[in-house]
Amino acid sequence: MKKGGVYRYSLQFDDKTLVNRQVGEFLERMGNRKSKVIVAAVLDFMRAHPEFLSIKTKVDIHLTALAPDTDLRTLVEDLISEKLANVSFQVSAPAQAQVQTGEMPDDEDVSSMLDNLGIFGL
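Residues numbered from 1 in each chain as written. Predicted model: local features only at pLDDT ≥ 70, side-chain atom pairs only at ≥ 80, totals over all residues. Heavy atoms only, no water.

1. Structural notes on the overall build of the protein chain
Thinking step 1. For the protein chain, the helix and strand inventory stands at five helices and two strands.
Thinking step 2. Secondary structure elements in the protein chain, listed N-terminal to C-terminal, are β-β-α-α-α-α-α.
Thinking step 3. Sorting the 122 residues of the protein chain into buried and exposed places 8% on the buried side.
Thinking step 4. Across the protein chain, contacts joining residues at least 24 apart in sequence account for 45% of those joining residues at least 6 apart.
Thinking step 5. With an accessible surface of roughly 11000 Å², the protein chain has 55% of that area assigned to carbon and sulfur atoms. (Helix = DSSP H or I, 4+ residues; strand = E, 2+ residues; numbered from the N terminus. Buried < 20%, exposed > 50% of the residue type's maximum accessible area, 1.4 Å probe, protein only. Contact = heavy atoms within 4.5 Å. Areas by Shrake-Rupley, 256 points an atom, 1.4 Å probe, with all protein chains shown as cover.)

2. What about the packing of helix α1 (residues 18-30) against helix α2 (residues 34-48)?
Thinking step 1. The contact between α1 and α2 brings their axes to 8 Å, and the two run at 135°. In terms of axis orientation, α1 runs oblique to α2. On α2, the residues that touch Phe26, Leu27 and Met30 of α1 are Lys34, Val37 and Ile38.
Thinking step 2. For the contact of α1 with α2, the residue count by class is five nonpolar, no polar and one charged. (Axes fitted to C-alpha atoms, helices over the stretch in contact; angles between N-to-C directions. Parallel < 35°, antiparallel > 145°, perpendicular 65-115°, else oblique. Nonpolar A, V, L, I, M, F, W, Y, C, P; charged D, E, K, R; others polar.)

3. Comments concerning the confidence of the model for the protein chain
Thinking step 1. Summary statistics for the protein chain give a mean pLDDT of 75 and a share of 66% for residues scoring 70 or more.
Thinking step 2. When mean pLDDT is taken per element in the protein chain, α2 scores highest with 90 and helix α4 (residues 93-96) scores lowest with 54. (pLDDT = per-residue confidence, 0-100.)

4. With respect to a nonpolar patch on the surface
Thinking step 1. Side chains of Leu11, Phe13, Val23, Ile38, Val42, Leu43, Met46 and Leu53 sit close together on the surface and give an oily, nonpolar patch of about 680 Å² of accessible area.
Thinking step 2. Sorting elements by how many residues they give to the nonpolar patch places α2 first, with four residues.
Thinking step 3. Of note, Val42 is situated in helix α2.
Thinking step 4. A relative accessible area of 41% means that Val42 is categorised as partly exposed. (Patch = residues over 30% accessible without salt bridge, like charges linked within 9 Å, V, L, I, M, F, W, Y side chains within 5 Å. Salt bridge = Lys/Arg side-chain N within 4 Å of Asp/Glu carboxyl O.)

5. Section: α1
Thinking step 1. Along its 13 residues, α1 runs 18 Å from first to last C-alpha, staying within 8% of the 18 Å computed at 1.5 Å per residue.
Thinking step 2. Residues Leu18, Val19, Gly24, Leu27 and Met30 constitute the buried set of α1.
Thinking step 3. Just beyond α1, the residue with positive phi is Gly31, at close to 55°. (Expected span 1.5 Å × (residues − 1).)

6. Comments concerning the layout of surface pockets
Thinking step 1. Looking at the largest pocket, its volume works out to about 1200 Å³.
Thinking step 2. Along its surface, the largest pocket is lined by 24 residues, and Leu11, Phe13, Val23, Leu27 and Ile38 are the ones closest to its centre.
Thinking step 3. When contributions to the lining of the largest pocket are tallied by element, the ones reaching two or more residues are β2 (6-7), α1 and α2.
Thinking step 4. At eight residues, the largest contribution of residues to the lining of the largest pocket is made by α2.
Thinking step 5. Residue composition of the lining of the largest pocket, grouped by class: 17 nonpolar, four polar and three charged. (1 Å grid on protein atoms, 1.4 Å probe; cavity = no way out; pocket = protein on both sides within 12 Å on 5 of 7 lines; lining within 4 Å. Points joined across faces, edges and corners; volume = space filled by probe spheres on them.)

Spelled out as structure tokens, the structure:
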């Protein structure tokens, strides 16, 4: 709605998907600068999709996360396991006496690391 030379809109969306949470948290951090971000994002979208500028065009947009949260966790777990499997320890002779164990993290350690992914929204 345009009133007094100002466009005013209200946006509302749920936080049930990773995409919505990421956008919502980003907009929260923007504080009073949300309008500039929204204008820039919509302008980029219009440039990328000029077909939507036609009044007769039906706008139907579907966003999906890169992968569901559970798939991301599995992907990260697989990547960590793969990287750890390829790790080799090379210890020089003098330092060898100081090394108590050179054990690889077990599944419980990897699981503990993955439990901390919550701070990244995963």
